[in-house]
Amino acid sequence: MQRMPIGNSIPIDVSLLEDIEQSALQLSTQLDTLVTSLQENLQKAAATTLESVKVYERSLVQGVCAQVEACVDQTTDLISRCDEMDKDMASIAALAAKVKHIKHAVDVLAASIK
């Protein structure tokens, strides 16, 4: 064991300093490995989060698409019903014309009776 005195009072063990330096280098290496591992895990977590957001967006878009498709189907159904009502109302116009003709005939008859 080699000792070097510091100043006049405290001797220092050089091998102890070398052991401390070795331990510091090992800790530094372990810390570097730990930080690298942490960085990789954070990148994986970020990638997983991004993928889950994409899945959420896709499912949201699919849900919106389903709603839009349902609205289009309902609108198509409404238009079909309106077309049917329009056809039904066409006969009402002819009926109204007949009623007007009958009313006119009744008015002529009433005028002739007076």
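About the criteria used
Residues numbered from 1 in each chain as written. Predicted model: local features only at pLDDT ≥ 70, side-chain atom pairs only at ≥ 80, totals over all residues. Heavy atoms only, no water. Helix = DSSP H or I, 4+ residues; strand = E, 2+ residues; numbered from the N terminus. Rg over C-alpha atoms; globule rule 2.2 N^0.38 Å. Buried < 20%, exposed > 50% of the residue type's maximum accessible area, 1.4 Å probe, protein only. Areas by Shrake-Rupley, 256 points an atom, 1.4 Å probe, with all protein chains shown as cover. Salt bridge = Lys/Arg side-chain N within 4 Å of Asp/Glu carboxyl O. Patch = residues over 30% accessible without salt bridge, like charges linked within 9 Å, V, L, I, M, F, W, Y side chains within 5 Å.

Visitor: Can you break down the overall build of the protein residue by residue, with the values?
Guide: Within the protein one finds one helix and two strands. Starting at the N terminus, the α and β elements of the protein follow one another as β-β-α. Relative to the compact-globule value of 13 Å for 114 residues, the protein shows a C-alpha radius of gyration of 48 Å, a clear excess of over 25%. Counting the 114 residues in the protein, one finds 1% classified as buried. A total accessible area of about 10,400 Å² is found for the protein, and carbon and sulfur atoms account for 64% of it.

Visitor: I'd like a description of the pattern of salt bridges, backed by residues and values.
Guide: All chains considered together, the criterion is met by three salt bridges. Note that E51 is salt-bridged to R58, the shortest N-O span being 3.3 Å. Residue classification places E51 among the partly exposed residues on the basis of a relative accessible area of 40%. With a relative accessible area of 45%, R58 lands in the partly exposed category. The salt bridge partner of D107 is K103, with a shortest N-O separation of 3.2 Å. Residue D107 and its partner K103 are located together in helix α1 (residues 14-113), separated by four residues, close to a single helical turn. D107 gets classed as partly exposed once you look at its relative accessible area, which sits at 39%.

Visitor: I'd love a proper account of a nonpolar patch on the surface, names of residues and values included.
Guide: There is a patch of nonpolar side chains on the surface, built from Y56, L60, V64, V68 and V72 and spanning about 470 Å² of accessible area. Within the element layout of this structure, V68 appears in helix α1.

Visitor: I'd like a rundown of the environment of A94, residues and numbers included.
Guide: Examined against the element boundaries, A94 turns out to sit in helix α1. Placed 80 residues apart in sequence, A94 and V14 show a C-alpha to C-alpha distance of 119 Å.

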